[in-house]
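# Report on the structure
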Amino acid sequence: MKKALVTGGAGFIGSFFVKVWLKEDSRISIVNLDKLTYSGDLSRLSELQGNSRHSFIKGDICDPKTVRKAMQGCDGVVHLAAESHVDRSLLDAKAFFDSNVYGTYVLLEEARRAGVERFVLVSTDEVYGSRSGKGYFKEKDILNPSSPYSVSKAAADLLALSYVGTHHLPVLVTRGANTYGPYQYPEKVIPLFTTNALTGQKLPLYGDGRQIRNWLYVEDHCRGILHALKKGKTGEVYNISSKTELENIDLTKKLLKILDKPENLIHHVTDRLGHDRRYAIDSSKLRSLGWSEKAKFDTAFRDTLLWYCRNEKWWKAIKEKQEGFTKFYKKAYAGR
Ligand code: NAD
Ligand code: TYD
């Protein structure tokens, strides 16, 4: 592949993905298409200034003309653009179905027209729904998503796979676990709790805090997507997860310990509606193709928190703007 379209490349994972790919593959050129919604931010890409193998287009994946132009000359697509926050989807799901489902449809149609040689859809472990007990979902398990966010991702995921049989589009899908690292928008639990702790605010832990998530370092997730793109087969799905499973309460206590902040900052609040208890996927299929995570959780987690300590300017500006949303969100929740 010589030239690829990456969507959502100004987002948290997308920006790392673009940087990882450009570093690992000296022949690739990337066209980065991103709408710059509230969570998109070009400062994540500042180190690419002057890099002739990267070009940025501000635009919406729901607009066929924009997508057609951006895809010109591309032989591959890696699709990460999405509305990505479960809590927002509980308040208003429209943007999730517009961007995540309709936007994916537009990309698939344009990729078909352009005749690309690879289309990777970046999906999530949340499409399987909650896994009780100790088992792990495998790629062939049925999907049972439970939030408007995960339903929109499952719809996109299955729609993309349907293009393999119907239109012979060389699609493959990755389903990644909860991802953490620098530059994550401070609405997801790790950056939210870190920045709250650093500013002396409470950490709103939903319900009993015993929900379990698998934590995957962002660069490992990106290397996993790239590995699937290069070694994976058309029509296949690849789970990407680490070996670190933690209850939210334990994650929160670790975070406070590293930041040297007291546990009384933890504030148990009303549970998230339809809160999935445990996400758990088996990534042996991708591992059998030679991928494995490099990050050790304790080190990568500590380094991530230190990054937020050192980059206050970045998240403080966002948190100030976000204030309005948080208040609106709390009010909407209180009314239920
Ligand atoms: P993010 O919210 O940080 O980034 C999403 C990006 O998509 C933003 O830059 C935004 O501007 C862009 N975007 C949204 N709608 C768009 C549209 N209509 N047109 C063009 N651009 C648009 O999200 P993220 O955490 O980086 O997630 C990236 C992808 O990875 C998503 O598809 C998400 O579902 C998936 N994923 C995320 C996680 C996680 O833990 N964060 C885990 C597994 C999979
Ligand atoms: P989040 O980062 O939103 O990711 P996801 O919902 O995709 O797993 O949340 C991770 C876990 O943390 C999830 O179980 C919900 C919980 N959580 C809280 O307890 N409080 C919060 O304020 C947030 C944002 C999440």
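See the structure above.
The structure contained in this document is the topic of the report that follows. These numbers were taken from a predicted model, which means no experiment stands behind them.

## With respect to the nonpolar core
- Grouped together as the largest cluster of nonpolar side chains are 60 residues, with contacts concentrated most on Phe17, Trp21 and Val78.
- No fewer than three residues from each of domain 1 (3–179 + 217–240) and domain 2 (180–213 + 245–273 + 296–323) sit in this core.
- Once residues within four sequence positions are removed from consideration, phenylalanine 17 is found in contact with Val6, Val78, Leu80, Cys222, Ile225 and Leu226.

## Describing the sheet that holds strand β7 (residues 178–180)
- A sheet is described by the order of its strands in space; here 3 strands give the open sequence β7-β9-β11, paired in mixed fashion. In this open sheet, the two edge strands, each paired with only one partner strand, are β7 and β11 (245–247). Taking each pair of neighbouring strands and ignoring which way they run, the sheet shows an average axis angle of 45 degrees.
- Pairing geometry for β7 and strand β9 (residues 212–217), over 3 bridges, is parallel. When the sheet's bridge partners are listed, tyrosine 180 is paired in β9 with tyrosine 217.
- Set on the sheet, helix α7 (residues 218–231) makes contact with β7 and β9; between it and β9 the angle comes to about 75 degrees.

## Considerations on the pattern of salt bridges
- For the structure on display, the rule yields 20 salt bridges.
- Salt-bridge contacts for aspartate 60 lead to lysine 35; the nearest nitrogen and oxygen are separated by 3.5 Å. Taken as a pair, aspartate 60 in the loop between β3 (54–58) and α2 (64–71) and lysine 35 in the loop between β2 (29–34) and β3 lie far apart in primary sequence, 25 residues in all.
- When the shortest N-O distance is used, the salt bridge between arginine 277 and aspartate 208 registers 2.8 Å. Of the two residues, arginine 277 is situated in the loop between β12 (266–269) and α9 (284–287) and aspartate 208 in the loop between β8 (203–206) and β9; the sequence distance between them amounts to 69 residues.
- On the accessibility criterion, arginine 277 (39% relative accessible area) is partly exposed.
- Using a relative accessible area of 39% as the deciding quantity, one classes aspartate 208 as partly exposed.

About the criteria used
Within any chain, residue numbers begin from 1 and follow the written order of that chain's sequence. Ligands are numbered from 1 and chains lettered from A, in the order in which they are written. Per-residue local features of the predicted model are confined to residues with pLDDT of at least 70, and side-chain atom pairs are confined, for both listing and counting, to 80 or more; whole-chain, interface and lining totals are unaffected and use all residues. Computation of side-chain values covers all heavy atoms of the structure but excludes hydrogens and water. What makes a nonpolar core is a set of buried Ala, Val, Leu, Ile, Met, Phe, Trp, Tyr and Cys residues whose side-chain atoms join them at distances within 4.5 Å. Remark: exposure states derive from per-residue accessible area (1.4 Å probe, protein chains only) relative to the maximum for the residue type, with buried under 20%, exposed over 50%, and partly exposed in between. Marked domain ranges trace back to an automatic or database domain assignment. In this description, contact between two residues means that some pair of their heavy atoms is separated by no more than 4.5 Å. By the convention used here, strands pair only if DSSP detects at least 2 bridges between them. Strands here mean DSSP runs of E at least two residues long; helices mean DSSP runs of H or I at least four residues long; both are numbered from the N terminus. A fitted line through C-alpha atoms serves as each axis, taken over the contacting stretch for helices, and the angle formed by two N-to-C directions is quoted from 0 to 180°. What counts as a salt bridge is simple: a side-chain nitrogen of Lys or Arg found within 4 Å of a carboxyl oxygen of Asp or Glu.

In short, geometric facts, not functional conclusions.
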